[in-house]
Amino acid sequence: MTGDDLKIAYSPCPNDTFVFDALAHGRVPGAPGLDVTFADIDITNGMAERGEFDVLKVSYAVLPYVLDEYALLPCGGALGRGCGPLVLTREGGSVGSAGDSDAVGGAGLTGRTVAVPSERSTAYLLFRLWAAEQVPGGVGEIVVMPFHEIMPAVRDGKVDAGLVIHEARFTYRDYGLRKLADMGEHWESTTGLPIPLGAIIAKRALGTRALTRLADSIRASVRAAWDAPEVSRPYVMEHAQEMDPSVADQHIGLYVNEFTADLGENGYAAVRGLLTRAAAEGLLPPLGPDALAFP
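Residues numbered from 1 in each chain as written. Predicted model: local features only at pLDDT ≥ 70, side-chain atom pairs only at ≥ 80, totals over all residues. Heavy atoms only, no water.

Caption draft 1: The arrangement of the packing of helix H1 (residues 14–24) against helix H8 (residues 208–227) in detail. At a minimum axis distance of 7 Å, the contact between H1 and H8 shows a crossing angle of 110°. For the element pair H1 / H8, the angle class is roughly perpendicular. Touching Phe 18, Val 19, Phe 20, Asp 21, Ala 22 and Leu 23 of H1 are Ser 217, Ile 218, Ser 221, Val 222, Ala 224, Ala 225 and Trp 226, all from H8. When its residues are assigned to classes, the contact of H1 with H8 shows 10 nonpolar, 2 polar and 1 charged. (Axes fitted to C-alpha atoms, helices over the stretch in contact; angles between N-to-C directions. Helix = DSSP H or I, 4+ residues; strand = E, 2+ residues; numbered from the N terminus. Parallel < 35°, antiparallel > 145°, perpendicular 65-115°, else oblique. Contact = heavy atoms within 4.5 Å. Nonpolar A, V, L, I, M, F, W, Y, C, P; charged D, E, K, R; others polar.)

Caption draft 2: Representation of the pattern of salt bridges within the structure. What the rule picks out here adds up to 15 salt bridges. Among the ionic pairs, Glu 52 bridges to Arg 50, the shortest N-O distance being 2.8 Å. Owing to a relative accessible area of 54%, Arg 50 belongs among the exposed residues under this scheme. Residue Lys 203 is joined to Glu 69 by a salt bridge in which the shortest nitrogen-to-oxygen separation is 3.5 Å. (Salt bridge = Lys/Arg side-chain N within 4 Å of Asp/Glu carboxyl O. Buried < 20%, exposed > 50% of the residue type's maximum accessible area, 1.4 Å probe, protein only.)

Caption draft 3: Region of interest: the nonpolar core. Among the nonpolar cores identified, the biggest contains 60 residues, and Leu 56, Leu 63, Leu 72, Val 87, Leu 109, Phe 127 and Trp 130 are the most heavily contacted of them. The dominant element in this core, judged by the number of residues it contributes, is helix H4 (residues 122–134), at 8 residues. With residues near it in sequence (within four places) discarded, Leu 109 still touches Val 87, Val 95, Val 114, Phe 127, Trp 130, Val 135, Gly 138, Val 139, Gly 140, Ala 161 and Leu 180. Of all hydrophobic cores here, the second largest spans 31 residues; its members include Leu 6, Phe 20, Ala 71 and Ile 218. (Core = buried A, V, L, I, M, F, W, Y, C linked by side-chain atoms within 4.5 Å.)

Caption draft 4: Here's a closer look at the packing of H4 against helix H12 (residues 264–280). Two elements in contact, H4 and H12, have axes whose closest approach is 11 Å; the angle formed by their N-to-C orientations is 55°. The orientation of H4 relative to H12 falls into the category oblique. Seen along the crossing, H4 lies across H12 with a hand that is left-handed. Residue-level contacts link Thr 122, Leu 125, Leu 126, Leu 129 and Glu 133 of H4 to Leu 274, Arg 277 and Ala 278 of H12. Here the contact of H4 with H12 is built from residues that sort into 5 nonpolar, 1 polar and 2 charged. (Left-handed = near helix turned anticlockwise from the far one by under 90°.)

Caption draft 5: Summary view of the pairing of strand E11 (residues 195–203). The buried fraction of E11 is high, at 9 of 9 residues. Relative to E11, strand E3 (residues 55–59) is paired through 5 bridges, and the arrangement is antiparallel. Looking at the pairing, Leu 56 lines up with Ile 201 of E11. As defined by bridge partners, strand E4 (residues 70–72) adjoins E11 across 3 bridges and the pair is classed as antiparallel. Each residue of the ladder has a partner; that of Leu 72, found in E11, is Ile 201. Pairing of strand E5 (residues 78–80) with E11 involves 3 bridges; the strand directions are antiparallel. In the sheet register, Leu 79 faces E11, and the bridge partner there is Pro 196. (Pairing = 2+ DSSP bridges.)

So yeah, pure geometry; function would need other evidence.
Put into structure tokens, the structure is as follows:
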């Protein structure tokens, strides 16, 4: 680590550690050095709004608040299909209708308390767009808590339902929970686009040359992880919060995909679609015409 290293913050989740392993450990030739801080998405969103750190993993939902100072990188983030946030309730509980784990709609959430991982998260934005159509009269209190605390809170009856992300889609049945609705399914069925979740942003003040170098380095780090996944395994599992290795592998398989290497036309369309729709609903400020341009 040197004084010239870029200060970066991303989550300890397997997809982020998998993506950044080679770059963080100096195995990408010609890449900038990184000074890494681990923080959950709610923390990194706040860091971005305060202009802290050179590079951050944030929710796409926070972009309209930070793009004056930060540029969206065309790689390194999390978009995909079949990977959206879930709304969970207790098996046999009073929210929604009885049955299996298939989505059963949102009418039972009217006036109910819902735990969410961040009010500036993409998950919460997708939830608000869904609830506006599916929850007559609206939900009740929204409680923000770290995502790893949400399923226990639903299980223990502290909240009526929870909005969960990441590996929770593989483990929620272990907590005696069932799926009320899948925000990703709703988004994909209404737009045909992939689900934009987490973005990598970097300060515009770094300059075009440094931003391009950083993006190229992140792509190289992704390719290195795909080429030799066993090399990244120690870094992934060190920070995976006692996660089962098979769950970590599922997590990586779902969230690290072609959009991680490059957003491409469909990725950018998904981001613009989400933020434009949210702005039209009055949920986010509108984006400028070139706000997503890189660099």
